[in-house]
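Architecture at a glance
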Amino acid sequence: MRKLVFIAVLILVGMSASADQNYNLPELHLIKTATLAPCYSCRTPEEFQKGYSTTALFLSDYSKRRNSPDLLFNGFRGGEDYFEASTAGDDMALIADLGAEVSVEKVSAHAAFNLRNVHSYPDFTKFSSVAKVEKNHTYAVLLNKGEVRGLFIFTVVSYVPNERVDLRYAVKEYQILDVKASSTGFDWVRENF
């Protein structure tokens, strides 16, 4: 009897450990849709109590559990809205506006870094920490977070300033990393000596 109880406990522990590993990673190259609304900083104090809610895109259950969105629709009431992918901690994700009338269907991982495939410095994609929301524009997001690395492309199909943005997106790469070690002392504002 004790042997059966011990085996049952081992099975339950194994099942719960594997359930914790259910990351529900996004399928690559598949176009999906999302609506982000309203802009994150345009919400009431009561809405802030709900966390990111529908203002952010989470590409995996892992990013959702960590409360670390892969894309945030942000701005301020009456001002310009923008997208950002670095939302906390040591996130160093970057975003690039690839321009208007660029088809999300046609943007490969390679094209995300140079749409025209021409070795000319003006043709290389320029990434930054934020990008202005523009209807019909396509964007590339390079995810570089503590334990997540990835690349996804999205197009703004409709946009109501401060209120909502509708997207079509495709994930090109998404990895959850097992970081073995990292240097200590990261700080966003510390200078060098």
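Look up a bit, the structure's there.
The present account deals with the structure reproduced in this document. Since we're looking at a predicted model, the values are computed, not measured. (Residues numbered from 1 in each chain as written. Predicted model: local features only at pLDDT ≥ 70, side-chain atom pairs only at ≥ 80, totals over all residues. Heavy atoms only, no water.)

1. Points about the pattern of salt bridges
Under the criterion given, the structure shown has 8 salt bridges. Between Arg 164 and Asp 166 there is a salt bridge, and its shortest N-O distance comes to 2.8 Å. Look at Asp 166 and you get buried, because its relative accessible area is 13%. When salt bridges with common partners are traced through the structure, they connect Glu 80, Lys 132 and Glu 134 into a single cluster. (Salt bridge = Lys/Arg side-chain N within 4 Å of Asp/Glu carboxyl O. Buried < 20%, exposed > 50% of the residue type's maximum accessible area, 1.4 Å probe, protein only.)

2. Details of the sheet that holds strand E7 (residues 137-144)
The strand order across the open sheet built from 5 strands is E1-E9-E8-E7-E5, with neighbouring strands paired in antiparallel fashion. The open sheet has two free edges, formed respectively by strand E1 (32-36) and strand E5 (94-100), since each of these has just one partner strand. Across this sheet, the average inter-strand angle for adjacent strands is 25°, counted without regard to direction. Sheet analysis places E1 next to strand E9 (residues 164-176), joined by 5 bridges and oriented antiparallel. (Pairing = 2+ DSSP bridges. Helix = DSSP H or I, 4+ residues; strand = E, 2+ residues; numbered from the N terminus. Axes fitted to C-alpha atoms, helices over the stretch in contact; angles between N-to-C directions.)

3. Digging into the state of the cysteines
A full pass over the atoms with the stated rule returns 1 disulfide. Covalently, Cys 39 is tied to Cys 42 through a disulfide, its sulfur atoms 1.9 Å apart. Handedness here is read from the sign of the S-S torsion; for Cys 39 and Cys 42, about 70°, the answer is right-handed. Residue classification places Cys 39 among the buried residues on the basis of a relative accessible area of 0%. For Cys 42, a relative accessible area of 6% puts it in the buried group. (Disulfide = S-S within 2.5 Å.)

4. Let's talk about the sheet that holds strand E3 (residues 71-74)
Spatially, E2-E3-E4-E6 is the arrangement adopted by the 4 strands of the open sheet, whose pairing is antiparallel. Two strands in the sheet have a free side with no partner beyond their single neighbour: strand E2 (56-57) and strand E6 (130-132). Bridging between strand E4 (residues 82-84) and E6 involves 3 bridges; their strand directions are antiparallel. Note on E6: the bridge partner recorded for Tyr 82 is Lys 132.

5. Quick notes on the nonpolar core
Ranked by internal contacts, the top residues of the largest apolar core, which has 27 residues, are Leu 71, Phe 83, Leu 143, Phe 152 and Phe 154. If you list the elements that add at least two residues to this core, you get E1, E3, E7, strand E8 (148-160) and E9. It is E9 that provides the largest number of residues to this core, a total of 5 residues. Beyond its immediate stretch of four places on either side in the chain, Leu 143 contacts Leu 59, Asp 70, Ala 85, Ala 93, Val 148, Arg 149, Gly 150, Phe 152 and Tyr 174. Of all hydrophobic cores here, the second largest spans 9 residues; its members include Val 107, Ala 140, Leu 151 and Ile 153. (Core = buried A, V, L, I, M, F, W, Y, C linked by side-chain atoms within 4.5 Å. Contact = heavy atoms within 4.5 Å.)

Distances and angles like these do not, on their own, reveal function.
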